[in-house]
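Secondary and tertiary structure notes
Spelled out, the chains give:
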Amino acid sequence: MVEQRLWVQTACLALSTYLMIELNNVNQLLRIYSRMVSASFLLLTSVSCFLYPDLLVSIITLCTAALYVSLFHCYQLRMSAGWVYYGFLCVGLASLVFVQYLYFVPFIWAVMIFNLRTMRARSFSASLLGILTPYWFAAIYLLYMGQYEWIPQHFMELAVYGPICDYTILNEHQLVTFAFIGLLALTGIIHYLRNGYADKIRTRMYFQIFVVMDIAALVFIVLQPQHYNLLLAFIIVNTSPLIAHFITLTHTWITNIVFYLILLLAFAIIAYHLWMPSSIFL
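What you see is a predicted model, and the numbers here were worked out from it, not measured in a lab.

Brief notes about the packing of helix H3 (residues 55–71) against helix H4 (residues 81–97)
- One way to put it is that H3 packs onto H4 with a least axis distance of 8 Å and a crossing angle of 165°. One element, H3, and the other, H4, form an angle in the roughly antiparallel class. Relative to H4, H3 is oriented so that their crossing is left-handed. Along the contact surface, H3 presents Leu 56, Ile 59, Ile 60, Cys 63, Ala 66, Leu 67, Ser 70 and Leu 71, while H4 presents Trp 83, Val 84, Tyr 86, Gly 87, Phe 88, Cys 90, Val 91, Leu 93, Ala 94 and Val 97.

Here it is, written out as structure tokens:
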């Protein structure tokens, strides 16, 4: 952090962690008092430590956490246009640096309809305004700088696809990290689908959102691995509450062993990244 002057990335990480704490506290994601959501987030972030210098990854992480904090305020809220606007403002900011983030917008609209039950004409209009707001400010700057072609080229990236499932562009560090985080995501999803009935209806709606978005991102990264870094940041935010639910609310001897295995594997992967660095650190 000091040598490479990663102050902005560190600030984004601190804000993202705070938002994960708020997401858990305000919405009571876990049935008991626990900091496991934010702890899981920091653990998964540490496992993917090679992403830390990437400012775009920090922005995606922060915007995704802020999106959920805003949208979860809208649960069955009739006058929700304000919170919807703030949530989709985060989507617009994220799409400025990663235009493929807009692929998640239909999924967000779907969970607003079926899970948050807050989709109305005003909230739909607010979502569009939220996405467009960052582009309005960006357009003013681009016009001032004479870069008229940037916005059309930016959106043309939505139609550009790389080779399907081409994992040759990923190195061992990236593959090991994705295998670990993907395994935790699937563990959290399966656990919640089997045991989520014990939670309140509102909590179940929230976790179903994490499940839907996590599956969508996992499929996306499997099909288009060239977006690995930014999609992994999105997956980490969605996986953290799911694996935190598994760790906190299961107490069998098998799950206790799994907890220690998760910690040992996480520390082993972190050591692997630090003591066997690759070109992705440079």
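Focus on the pattern of salt bridges
- Scanning the model with the defined rule gives 1 salt bridge in all.
- In this structure, Arg 31 engages Asp 199 in a salt bridge whose closest nitrogen and oxygen atoms are separated by 2.6 Å. With Arg 31 in the loop between helix H1 (7–27) and helix H2 (36–47) and Asp 199 in the loop between helix H8 (172–195) and helix H9 (201–223), this residue pair connects regions lying 168 residues apart in the sequence.
- A residue is classified by how much of its surface remains accessible, and Arg 31, at 44% relative accessible area, is partly exposed.
- Judged by its relative accessible area of 4%, Asp 199 is buried.

Structural notes on H4
- The end-to-end C-alpha separation of H4 is 25 Å, in line with the 24 Å expected for 17 residues at 1.5 Å each.
- All of the buried residues along H4 are Val 84, Gly 87, Phe 88, Cys 90, Val 91, Gly 92, Ala 94 and Ser 95.
- Buried residues in H4 make contact with H3, helix H5 (105–116), helix H6 (121–145) and helix H7 (150–156).

Quick notes on the nonpolar core
- Residues Tyr 68, Phe 72, Phe 88, Val 91 and Phe 180 are the most contacted members of the largest nonpolar core, which totals 78 residues.
- No other element matches the 14 residues that helix H10 (residues 228–249) contributes to this core.
- Residues contacting Phe 72, with those up to four places away along its chain left out, are Leu 23, Asn 27, Leu 116, Arg 202, Tyr 206, Ile 209 and Phe 210.

A closer look at a nonpolar patch on the surface
- A contiguous nonpolar surface patch, about 560 Å² in accessible area, is contributed by Ile 164, Tyr 167, Leu 175, Ile 215, Val 219, Val 222 and Leu 223.
- Tracing the backbone shows Ile 215 in helix H9.
- By relative accessible area, Ile 215 is classed as partly exposed at 40%.

Considering H3
- Taking 1.5 Å as the rise per residue, H3 with 17 residues should run 24 Å; its terminal C-alpha atoms sit 24 Å apart, in good agreement.
- Most of H3 sits inside the fold, with 13 of its 17 residues counted as buried.
- If you check the start of H3, you find a side-chain oxygen 3.0 Å away from the backbone N of Leu 56, and it comes from Asp 54.

Conventions we followed
- Residues numbered from 1 in each chain as written.
- Predicted model: local features only at pLDDT ≥ 70, side-chain atom pairs only at ≥ 80, totals over all residues.
- Heavy atoms only, no water.
- Axes fitted to C-alpha atoms, helices over the stretch in contact; angles between N-to-C directions.
- Helix = DSSP H or I, 4+ residues; strand = E, 2+ residues; numbered from the N terminus.
- Parallel < 35°, antiparallel > 145°, perpendicular 65-115°, else oblique.
- Left-handed = near helix turned anticlockwise from the far one by under 90°.
- Contact = heavy atoms within 4.5 Å.
- Salt bridge = Lys/Arg side-chain N within 4 Å of Asp/Glu carboxyl O.
- Buried < 20%, exposed > 50% of the residue type's maximum accessible area, 1.4 Å probe, protein only.
- Expected span 1.5 Å × (residues − 1).
- Core = buried A, V, L, I, M, F, W, Y, C linked by side-chain atoms within 4.5 Å.
- Patch = residues over 30% accessible without salt bridge, like charges linked within 9 Å, V, L, I, M, F, W, Y side chains within 5 Å.
- Areas by Shrake-Rupley, 256 points an atom, 1.4 Å probe, with all protein chains shown as cover.
- Polar contact = N/O pair within 3.5 Å; in protein donor to acceptor, adjacent residues only side chain to side chain.

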